[in-house]
Amino acid sequence: MAERKPAKKGTQNSVKTSRLSGNASKGFTDEEKAAMKERVKELKAATGKADGEREVLAKIAAMAAPDRALGERVHKIIKASAPALSPRLWYGMPAYAKDDKVVCHFQDAQKFKSRYATLGFSDAANIDEGAMWPVAFALKKLTAADEARIGALVKKAVS
């Protein structure tokens with residue numbers, strides 16, 4: 001490893017990293033960068049007390065048809081199952097918060113070019129089940145049984 005020279009007063013040393021594997025890090029994907037930029041906008045909008053419901057519905061309306069239908073249905077289920085949750089955007093995704101903490105969120109398949117949409121729960125959700133439990137569910141379509149399961153999970157999450 002090369003020896004670093006002391007920095008001149010008022011300047012910074014750049015740190016060079018060694019490449020053990022020979023592969024350069026590609027960093028964040030364009031989708032991840034876009035999600036981070038959306039999060040910054042959300043934080044700025046939160047100071048202005050933006051209308052979360054309107055923003056969530058607009059985000060869902062902008063989704064591709066299959067994801068839009070899932071997002072609309074999930075939104076209705078969550079609102080009916082846990083009216084105390086406040087809709088808001090979180091990293092550009094529809095999310096639902098209790099006491100300003102996101103409990104669950106809907107991620108459309110196109111968000112990160114996935115083959116399925118996802119319903120995820122944060123650590124603020126009360127869905128613990130023993131020593132291990134799922135915190136995300138893949139969604140391709142919703143049956144009546146799936147809708148009932150989502151409703152029960154959301155109710156449990158806010159209990």
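Above this text you will find the structure in question.
Bear in mind the structure is a predicted one, so any value in this text is a computation, not a measurement. (Residues numbered from 1 in each chain as written. Predicted model: local features only at pLDDT ≥ 70, side-chain atom pairs only at ≥ 80, totals over all residues. Heavy atoms only, no water.)

Draft legend 1. Focus on the sheet that holds strand β1 (residues 86-90). Taken together, the five strands give an open sheet; going across it, the order is β1-β2-β3-β4-β5, and neighbouring strands pair in antiparallel fashion. This sheet does not close on itself; its edge strands, each paired only once, are β1 and β5 (136-139). Sheet twist, expressed as the average angle between the axes of neighbouring strands with direction ignored, equals 25°. Bridge count between strand β2 (residues 93-98) and strand β3 (residues 101-107): four bridges; the pairing is antiparallel. Paired with A97 across the two strands is V102, which belongs to β3. Sheet strands touched by helix α3 (residues 65-81): β1, β2, β3, β4 (117-121) and β5. Its angle to β3, the strand with the most contacts, is close to 150°. Each of β3, β4 and β5 touches helix α4 (residues 144-157); the most contacted strand, β4, lies at about 25° to it. (Pairing = 2+ DSSP bridges. Helix = DSSP H or I, 4+ residues; strand = E, 2+ residues; numbered from the N terminus. Axes fitted to C-alpha atoms, helices over the stretch in contact; angles between N-to-C directions. Contact = heavy atoms within 4.5 Å.)

Draft legend 2. Geometry of the pairing of β1. The pairing of β1 with β2 spans five bridges and is antiparallel. Looking across to β2, one finds that W90 is bridged to M93. The hairpin formed by β1 and β2 contains two residues between the paired strands, and Y91 there has a positive phi angle of roughly 55°.

Draft legend 3. Main features of the pattern of salt bridges. In the structure shown here, the tally under the stated rule is eight salt bridges. A salt bridge links E129 to K156; its shortest N-O distance comes to 3.8 Å. Within this pair, whereas E129 is found in the loop between β4 and β5, its partner K156 is found in helix α4, the two being separated by 27 residues in sequence. Looking at E129, the relative accessible area reads 52%, which means it is exposed. The partly exposed category is assigned to K156, whose relative accessible area is 32%. Salt bridges here are not isolated pairs; linked through shared partners, they connect E38, K59 and K111. (Salt bridge = Lys/Arg side-chain N within 4 Å of Asp/Glu carboxyl O. Buried < 20%, exposed > 50% of the residue type's maximum accessible area, 1.4 Å probe, protein only.)

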